[in-house]
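Summary of structural features
Letter by letter, the chains look like this.
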Amino acid sequence: MSFMAATGAEEEEEGAAATAAAGEVHLPAEVDWEMLDKWRFFALGAALFSGVSAALYPAVVLKTRLQVAQPPPPCLRAAAAILRHEGPRGFYRGFVTSLAGTVPARALYMGALEATKSAVGTATLRLGVPEPAASAAASAAAGLSAAVAAQFIWTPIDVVSQRLMVQGSATAAKYRGGVDAFRKILCSDGLRGLYRGFGMSILTYAPSNAVWWASYSLAQRLIWEGVGYHMGSGSELRPGYGALVVVQGASAAVAGGASAIVTMPLDTIKTRMQVLDGDSERMTIGRTVRSLLREGGWGACYRGLGPRWASMSVSATTMITTYEFLKRLSAKEGSL
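Residues numbered from 1 in each chain as written. Predicted model: local features only at pLDDT ≥ 70, side-chain atom pairs only at ≥ 80, totals over all residues. Heavy atoms only, no water.

In terms of regular secondary structure, the protein chain is built from nine helices and four strands. When each of the 336 residues of the protein chain is scored for burial, the buried share is 49%. Within the protein chain, contacts between residues at least 6 apart in sequence are counted, and of these 77% link residues at least 24 apart. (Helix = DSSP H or I, 4+ residues; strand = E, 2+ residues; numbered from the N terminus. Buried < 20%, exposed > 50% of the residue type's maximum accessible area, 1.4 Å probe, protein only. Contact = heavy atoms within 4.5 Å.)

Structure, rendered in structure tokens:
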């Protein structure tokens with residue numbers, strides 16, 4: 001069974017076709033970078049992803065607290081403690097700071113993602129690389145470049161927002177808000193303090209995004225291939241937008257869950273480096289790993305896996321369906 005992902009440059013018809021001996025699935029053309037109204041894309045993207053971030057933020061707060069707690073309480077007990085002592089507001093500590101950085105970071109991420117995917121996809125096809133391999137390579141390269149570009153904004157935002165996240169009502173607040181935290185970190189540690197864990201963030205998110213986008217592309221391909229084989233000989237299917245969203249959401253959930261499990265130890269190390277202060281020594285990767293191993297062996301590296309797995313799976317499903325919807329909303333007139 002062959003599968004061709006449609007792009008505007010490659011396809012002038014209605015879409016691409018996934019062809020099997022048993023059946024044929026015709027998919028609508030993908031909206032690529034050249035087909036987008038860039039102003040509409042970034043403006044609508046900021047609004048849509050701000051809403052998604054607000055819905056998923058409580059899981060991020062819970063995950064962060066579990067990663068730095070010594071010893072960590074059970075997940076549900078930790079969530080109940082936050083709700084009991086701090087109220088619903090406790091699940092949104094640092095949210096304003098996070099949102100302020102998420103908007104420009106998301107814009108940079110989406111721009112790098114689409115530009116790279118379009119450039120690499122076109123280049124690999126011209127080199128004679130088979131379409132499935134070219135699609136996977138373009139998705140992986142796009143995810144890698146987007147993650148690296150966005151970390152220049154996300155890392156300092158992470159450092160500040162995560163320090164606000166772990167401030168509970170049971171302890172004296174060290175920071176009065178995002179601006180105060182930014183100023184104090186800058187005064188005590190300089191610019192280096194705001195980029196604490198930058199290298200670890202790259203090591204965590206760059207391969208994670210590369211694997212995620214490649215897995216997402218592959219999962220979609222496999223699902224549509226299965227549909228084609230199940231349809232029976234001589235059958236044809238032109239799925240509507242609803243069916244596309246379901247397949248995209250399922251593929252995103254699988255890719256997000258797998259990525260969470262693979263990168264969990266790296267995320268725990270990164271979070272500790274960004275949040276915890278060393279006594280007299282700088283928090284390095286080696287020192288952080290040794291501290292985790294002393295506390296609970298390799299299992300300590302997977303603290304907060306439940307909230308992170310759930311958050312990344314739900315986030316991936318929500319983000320990708322929102323993202324694909326955003327691209328169709330932002331398509332230039334007559335480009336589809």
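With that out of the way, let us pick up the confidence of the model for the protein chain. Looking at the protein chain as a whole, the pLDDT averages 81, with 88% of positions reaching at least 70. Note that residues 1-21 has pLDDT below 50 and, in this model, 58 contacts with residues that lie over four places away or in other chains. (pLDDT = per-residue confidence, 0-100.)

The tendency in soluble globular proteins is for nonpolar side chains to be buried side by side. Trp212, Trp213 and Tyr323 are the most contacted members of the largest nonpolar core, which has 28 residues in total. Counting residues per element, the ones that place at least two in this core are helix 1 (38-68), helix 3 (95-126), helix 4 (131-165), helix 6 (198-231), helix 7 (241-275) and helix 9 (305-329). Dropping the residues within four chain positions of it, Trp213 is found in contact with Tyr109, Leu113, Lys117, Ser139, Gly143, Ile320 and Tyr323. In terms of nonpolar packing, the next biggest core, distinct from the first, is built from seven residues, Val159, Val160, Leu164 and Leu194 among them. (Core = buried A, V, L, I, M, F, W, Y, C linked by side-chain atoms within 4.5 Å.)

Our next topic: the UniProt feature "transmembrane region" (unreviewed entry) in the protein chain. In the UniProt entry, the feature "transmembrane region" (unreviewed entry) is given for residues 41-62, 193-214 and 241-264. Here residues 193-214 is 86% helix and 0% strand, with 33 Å between the C-alpha atoms at its ends. Taken as a whole, residues 241-264 contains 100% helix and 0% strand, while its terminal C-alpha atoms sit 34 Å from one another. (UniProt positions renumbered as here; feature names shortened; annotations may be inferred.)

What follows covers a nonpolar patch on the surface. A cluster of nonpolar side chains, namely Leu44, Tyr241, Phe325 and Leu329, defines an oily patch on the protein surface of about 320 Å² accessible area. Summarising the element assignment, Leu44 is placed in helix 1. (Patch = residues over 30% accessible without salt bridge, like charges linked within 9 Å, V, L, I, M, F, W, Y side chains within 5 Å. Areas by Shrake-Rupley, 256 points an atom, 1.4 Å probe, with all protein chains shown as cover. Salt bridge = Lys/Arg side-chain N within 4 Å of Asp/Glu carboxyl O.)

So, about the packing of helix 7 against helix 8 (residues 285-296). Their axes nearest at 10 Å, the elements helix 7 and helix 8 cross at an angle of 110°. For the element pair helix 7 / helix 8, the angle class is roughly perpendicular. Contact residues: Thr268, Ile269, Arg272 and Met273 in helix 7; Ile285, Thr288, Val289, Ser291, Leu292 and Glu295 in helix 8. In terms of residue class, the contact of helix 7 with helix 8 is built from five nonpolar, three polar and two charged. (Axes fitted to C-alpha atoms, helices over the stretch in contact; angles between N-to-C directions. Parallel < 35°, antiparallel > 145°, perpendicular 65-115°, else oblique. Nonpolar A, V, L, I, M, F, W, Y, C, P; charged D, E, K, R; others polar.)

A word on the pattern of salt bridges. Side chains that carry opposite charge are capable of pairing whenever their charged atoms lie near each other. A complete count under the given rule lists 16 salt bridges for this structure. A salt bridge links Lys327 to Glu114; the nearest nitrogen and oxygen atoms lie 3.5 Å apart. Pair noted here: Lys327 is in helix 9 and Glu114 is in helix 3, with a separation of 213 residues, a long-range link. Across the pair, Glu114 and Lys327 agree in class, each one buried. Linked by salt bridges that have partners in common, Lys63, Asp158, Asp267, Lys270 and Arg308 make up one network.

Moving on, we get to the environment of Ala47. Secondary-structure assignment places Ala47 in helix 1. Along the chain, Ala47 and Val103 lie 56 residues apart, while their C-alpha atoms are 8.4 Å from each other.

A few words on the packing of helix 1 against helix 2 (residues 75-86). For the pair helix 1 and helix 2, the least separation of the axes is 10 Å and the interaxial angle reads 110°. In terms of orientation, helix 1 and helix 2 fall into the roughly perpendicular class. Where helix 1 crosses over helix 2, the two elements pack in a sense that is right-handed. Counted together, Leu62, Arg65 and Leu66 of helix 1 and Cys75, Ala78, Ala79, Ile82 and Glu86 of helix 2 form the full contact between these two elements. Counted by class, the contact of helix 1 with helix 2 contains six nonpolar, no polar and two charged residues. (Left-handed = near helix turned anticlockwise from the far one by under 90°.)

This paragraph deals with the packing of aromatic side chains. Taken as a whole and assessed by the stated rule, the structure comprises 12 aromatic pairs. Centre to centre, the rings of Phe41 and Tyr323 are 6.3 Å apart; their planes meet at 65°, and the pair counts as edge-to-face. You can see Phe41 sitting in helix 1 and its partner Tyr323 sitting in helix 9, a full 282 residues away along the chain. Accessibility classification places Phe41 together with Tyr323 in one group, the buried group. Consider the rings of Trp212 and Trp213, whose centres lie 4.8 Å apart with planes at 75°: the pair is edge-to-face. Looking at Trp212, the relative accessible area reads 10%, which means it is buried. Judged by its relative accessible area of 6%, Trp213 falls in the buried class. Over the face of the ring belonging to Phe49 we find Arg106, whose NZ or CZ atom lies 5.4 Å from the ring centre. (Phe/Tyr/Trp six-rings, centres within 6.5 Å; stacked < 30°, edge-to-face > 60°. Lys NZ or Arg CZ within 6 Å of the ring centre and 35° of its normal.)

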